[in-house]
Amino acid sequence: MHFPFRSILVTSPFDGLRNHVEKVRECSWAFQQAIECYISDKCEEFDVLREVVNKLESDADSIKRRIRGHIPKGTRMPVTEYQLFSYLKEQDRVLDAAQDSLNWLSYRATHIPEAMEKEVFLLVDAVIEPIEELSRMISEAKEYFETYSEKQRRIVKDIIHNIKQQEHEADAREGQLKVKIFSIEKDPVSIFHLVSLAERIGSVADHAENAGDMMRAMIAKRRWTLFRES
Amino acid sequence: MSLFLFAVIILASLAVFDLIVGVSNDAVNFLNSSIGSRVAPRHVIMVIAGLGILAGVTFSSGMMEVARKGIFHPRFFTMPELMTLFLAVMLTDVLLLDLFNTFGLPTSTTVSIVFELLGAAVAVSLLKIHVAGDSYATVVEYINTAKAFSIIMGILLSVVIAFFFGVVCQFVTRLVFTFDYQKRLKRYSGVWGGLALSIITYFILIKGAKGASFLTPETVIWVNTHTWMILYTSFLFFAILFQLLALFTQINVLKPIVLIGTFALAMAFAGNDLVNFIGVPLAGMNAYNVASETINPLMASMEALQQPIQSNTFLLLVAGAIMVITLWMSRKARTVTQTEVSLGRQDEGVERFGSSTLSRTLVGMVYGAFSSSRRLIPISLRKTISGRIDPGEYRGEILADGRPASFDLVRASVNLIVASAVISFATSLKLPLSTTYVTFMVAMGTSLSDQAWGRESAVYRVTGVMTVIGGWFFTALAAFTTAFVFALIIYYLEALAVVGLVLLVVFLIWTTYQYHRKKEEERGRIEALSLDTVCEADTAIQTSFEQTGHFLRDISDNIGLFYQALHSEDLERLRKTRSEAEKIQKWADTIVENIFKTLSLLNKGDMDGTHQYSYTLRDLQSIAESHMNMITRTCEHFENYHAGFLDSQKQELRQIKTFLTRLLWNTSIMLTRRKRVDYDYITNQCEKLKNLTSEFSKNQVRRIQRAESKIRRSMLFFAILENSLSISEHTQNLLAVFRDSFDVRTCEQSES
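Criteria and cut-off values
- Residues numbered from 1 in each chain as written.
- Chains lettered and ligands numbered in written order.
- Predicted model: local features only at pLDDT ≥ 70, side-chain atom pairs only at ≥ 80, totals over all residues.
- Helix = DSSP H or I, 4+ residues; strand = E, 2+ residues; numbered from the N terminus.
- Contact = placed C-beta atoms within 7 Å.
- Buried ≥ 20, exposed ≤ 12 C-beta atoms within 10 Å, placed from the backbone.
- Nonpolar A, V, L, I, M, F, W, Y, C, P; charged D, E, K, R; others polar.
- pLDDT = per-residue confidence, 0-100.
- Axes fitted to C-alpha atoms, helices over the stretch in contact; angles between N-to-C directions.
- Parallel < 35°, antiparallel > 145°, perpendicular 65-115°, else oblique.
- Left-handed = near helix turned anticlockwise from the far one by under 90°.
- Core = buried A, V, L, I, M, F, W, Y, C linked by C-beta atoms within 7 Å.

Student: Even after reading the chapter, I still don't get the overall build of chain A, so can you show me in this structure?
Tutor: A count of helices and strands for chain A gives seven helices and zero strands. Moving toward the C terminus, one meets the helices and strands of chain A in the order α-α-α-α-α-α-α. The long-range fraction of contacts in chain A, counting pairs at least 24 apart against all pairs at least 6 apart in sequence, stands at 82%.

Student: Which parts of the structure should I look at to understand the overall build of chain B?
Tutor: Counting secondary structure elements, chain B contains 24 helices and zero strands. Every one of the 752 residues in chain B was classed for burial, and the buried ones make up 47%. If you take every contact in chain B between residues at least 6 apart in sequence, the share linking residues at least 24 apart comes to 87%.

Student: Help me out: how do you make sense of the interface of chain B and chain A in this one?
Tutor: Many structure descriptions define interface size as the accessible area lost when the parts assemble. Counting residues at the interface gives 14 residues for chain B, matched by nine residues for chain A. The set of elements that each furnish at least two residues to the side of chain B that touches chain A consists of α18 (458-529), α19 (537-568), α22 (647-672) and α23 (679-705) of chain B. Grouping the constituent residues of the side of chain B that touches chain A by class yields four nonpolar, eight polar and two charged.

Student: What exactly am I supposed to notice about the confidence of the model for chain A here?
Tutor: Low pLDDT means the predicted coordinates in that region are not meant to be read closely. All names here are of chain A. Within chain A, residue pLDDT values average 85, and 88% of them lie at 70 or more. Put simply, helix α1 (residues 6-9) is where chain A has its lowest mean pLDDT, 48, and helix α7 (residues 188-218) is where it has its highest, 94. Note on residues 1-9: pLDDT is under 50 here. Beyond four places in sequence and across chains, it has six contacts. The low-confidence segment residues 225-230, where pLDDT is below 50, has zero contacts with residues more than four positions distant or belonging to other chains.

Student: What is the right way to read the environment of Leu663 of chain B from this model?
Tutor: All names here are of chain B. For Leu663, the position within the fold is in helix α22. We classify Leu663 as buried; it has 26 C-beta atoms within 10 Å. Spatially, the C-alpha atom of Leu663 lies 8.8 Å from that of Gln732, the residues being 69 residues apart in sequence. In contact with Leu663, not counting residues within four places along its chain, are Ile682, Gln685, Cys686, Leu689, Ser728 and Thr731.

Student: How should the packing of helix α5 (residues 114-147) of chain A against α7 of chain A be read in this particular structure?
Tutor: The description of two packed helices rests on the angle between their axes and on the distance between the axes. All names here are of chain A. Contact geometry for α5 and α7: axes closest at 9 Å, N-to-C directions at 20 degrees. Overall, the two elements α5 and α7 adopt an arrangement that is roughly parallel. In the packing of α5 onto α7, the handedness of the crossing is left-handed. Here α5 contributes Leu123, Val124, Ala126, Val127, Pro130, Ile131, Leu134, Met137 and Ala141 to the contact with α7, which in turn contributes Ala198, Ile201, Gly202, Val204, Ala205, Ala208, Glu209, Ala211, Gly212 and Met215. Tallied by class, the residues present in the contact of α5 with α7 amount to 16 nonpolar, two polar and one charged.

Student: Would you explain the confidence of the model for chain B in this entry?
Tutor: Residues and elements named next belong to chain B. Confidence in the prediction of chain B, expressed as mean pLDDT, is 83, and 88% of residues score 70 or more. Confidence, expressed as mean pLDDT per element, reaches its minimum in chain B at helix α3 (residues 65-70) with 62 and its maximum at helix α4 (residues 79-102) with 92. Note on residues 744-752: pLDDT under 50 across the span, and zero contacts to partners over four residues away in sequence or across chains. Per the prediction output, this complex has pTM 0.69; the corresponding ipTM is 0.75.

Student: Would you mind going over the packing of helix α4 (residues 81-107) of chain A against α7 of chain A with me for this structure?
Tutor: All names here are of chain A. Axis separation between α4 and α7 bottoms out at 9 Å; the angle between their running directions is 170 degrees. By the angle between their directions, the pair α4 and α7 is classed as roughly antiparallel. Tallied by class, the residues present in the contact of α4 with α7 amount to 15 nonpolar, eight polar and four charged.

Student: Would you take a moment to explain the nonpolar core for this structure?
Tutor: The nonpolar side chains of a soluble globular protein tend to be buried with one another. Within the largest apolar cluster, 160 residues are counted, with the highest numbers of intra-cluster contacts made by Leu87, Ala120 and Val422 of chain B. Looking at this core element by element, the count peaks at 25 residues for helix α11 (residues 254-292) of chain B. With residues up to four places along the chain from it excluded, the contact list for Ala120 of chain B reads Leu85, Ala88, Val89, Ala483, Phe484 and Ala487 of chain B. The next biggest cluster of nonpolar side chains, apart from the first, holds 61 residues, and it includes Leu95, Leu123, Val156 and Ala208 of chain A.

Student: In this structure, what is going on with unusual backbone geometry? I would like to understand it.
Tutor: Glycine aside, negative phi is the norm for most residues, and most peptide bonds take the trans geometry. All names here are of chain B. Of note in this structure, Arg38 is not a glycine but carries a positive phi near 50 degrees. Mapped onto the elements, Arg38 comes out in the loop between α1 (2-37) and α2 (42-59). If you check the backbone angles, Thr178 has positive phi at about 60 degrees while not being a glycine. Of note, Thr178 is situated in the loop between α7 (145-177) and α8 (182-208).

Student: Any chance you could explain the environment of Glu348 of chain B here in plain terms?
Tutor: Residue and element names in this part refer to chain B. Turning to its location among the elements, Glu348 is positioned in the loop between α13 (331-343) and α14 (357-374). Using a count of 13 C-beta atoms within 10 Å as the deciding quantity, one classes Glu348 as partly exposed. For Glu348 and Ala452, which are 104 residues apart along the polypeptide, the C-alpha to C-alpha distance reads 8.2 Å. Residues contacting Glu348, with those up to four places away along its chain left out, are Glu456 and Ser457.

Student: Quick question: what am I supposed to make of the environment of Asp273 of chain B here?
Tutor: Residues and elements named next belong to chain B. Here Asp273 is to be found in helix α11. Taking the C-alpha atoms as reference, Asp273 lies 9.9 Å from Gly56; in sequence the two are 217 residues apart. For Asp273, the contacting residues outside a window of four places in its chain are Asp26, Thr109 and Thr110.

Set out below in structure tokens:
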């Protein structure tokens, strides 16, 4: 049941988290654009888009610092500070991974063969999907911590489950891309560069999944016990 | 007795709440004309109304008969019974008025309190009769049935009389002044000012100051017997004064008339309606004091309450102060005022109420009757009248903040004059009229006469009026029933019931507060979208870019939720997305209205640019409609208990959602931040979505061939695909228009 005066007593940290995840989401699209631009020979804006990602990462960092520095005193939070910060850290790593991938790509002008393009696009698509789910997860979790309804909890759990599934899909895409790299590419440096790129791109989804796991812990039911189990 | 002292304290606290909710509802009676015509800045109007309230409270002798003996005969009741009755009444009153305020519907606080007293008194009387073993028919001995009947008659009378006089007087006044009234003001200022202020002065004497301590009974009798003399003298005095003002100064004489009228109505309200809010608690206190002085306080008869009791002036002043503070602070008071003002608004625009069969039928009938009766009027006369009352060219005076007034000062002054005259006349004839009903119906009558309810708005306005009038009957019914039930509960469960009901009331008030706040935020958002105050095409275009961006973002969020609900076949969530889609649809209407405004501001010579910009209308409407259609069809599907999608279909829809929301979000970011449009990226996403749609359509055909998917499920699947594709295509079109606009702007900036 919705307790009417709850908002006076409890402060929700989820507005801050939502702002942060919006930056992550936006960054993921810029990341996708940058990759598409890199692959397309005509596009000359890769560096511009990389800068956009860097800028978004820096904006997200500011939000992160604001959340950390403005934990209200005197009111109760629905989750512990430790849980909140761990979650935030993982959500931030999603962004770091995207930024890292673009930086890695910029270190060497490796040509991506046309036969490999589709796999790269599919991998990028696959890693962006869980990020988009993260945004919705935060909104739903916010509502859960306001109502504590079992139904809402189930919705959040479903999203976490989706993220997991999407991460598995991303892993599969990463595997397919690696196979393609080894079958097409002959130059060892290019192979190293591209395989490492695939792993870095794949790690974006891994961090989104980790963030989902953290959320799972946050929404776990608490049971009152007299004695801690040893 | 300490338990009853506790009851008196609760009554006193409820009085404070009742004053707040009561003023919030009744403020519209005296604020409507001045706020609607924007005769002065809001704070000036508030100061004048506040002074009127304080004057009304100070001069009021505070006779609170209605609460003590108006509805029931106190000699038949003991103090505990009266406490039960009063507590039930106050709890109901706070609850009921707050409910009306939340929905912004004006109602009569007098009708409310009278029917609550009636309901609670009937309940307690029946219980007494039951205990005594008498016939239930004897209940009429306990109740003042004549008063209740006269109030019901008052509702009907005030509705008809006020509306009729509102229509007629406004029609005649408009014939004289026309909509271009400034030109004729010098000529008619004296007559009009004299007429208006003589009626208002008489109203102050009859209604505002009838219970004033400074007027002796002899003076009141003199006023009643010298009506015409007062009217003639004041007419002459004010006519000369106003004619001189019009001839030798630049003062718009309608302004003082409206402000004095506001003061008079506020004063009458405070003097007469205060009883509705604090009458019952004061009666409770009196009952407690009377009982305390007897040997057997719990069994003593309350006959002493039949005697007139002078209220404490200090308490009246405190009540006045609470009323004034509420008037300034209450957001709900603004909502109620807004309802009445928007129903009488001269111009078109977004309407607050929808359309209903009843209103359509009524408008159709009236329209038919007018069309037929036109033939009876000679053409020359018809032309002359039409020429004088034609509001066609009327645009309303644009004020300092760039927004026009809802109606002009002529109508505002007619509202006040007619309302004052009808109330004074009815009071002198001892007819019970509700101030709320009179002022509301006069306002509606004058707006009808001014053709504010044109063919573009009549149906919606009539729905609004019917809703408000329906609310008045609901007030009586709900007040009676709720007070009846509350009295029964308190009678049997005593203190426990009081605590429980107080908690219930607090909970409900908190809930309605939250609801109202949300509604206010939504309304604020819509109002913020309005381009009423924007006069430059460039600013208008920039603003509409931004608004469209937010609009697309909301659609994207809602589509995200929709697909999730669809996936989990969650009907409750689907309904939530449908109600969100309805809000978004309204939002789209506002943005479309703004685009019209922008089109009117754009350079008429630049036909290509203007023409291209007009495409956004079609695109925005299509996006909103496809969004709505997709959700409504899905809701209906699940509401009819049809089967959900197969796993393979769900998987495909998930992909569609990903691309669609991404597309919308990206477009939104570009528009809201005025980022340079990366059209290729969006086109790419659109292309992907198109390919996916075509691929999934083929898959669906295969499923149909394999008899895997039922007909309804297939129809819905195709509908979702089609609508998603439509949204993406129109978003792309929209972006193309904005991109061109941005390119032009960027070029212009770089050149400069």
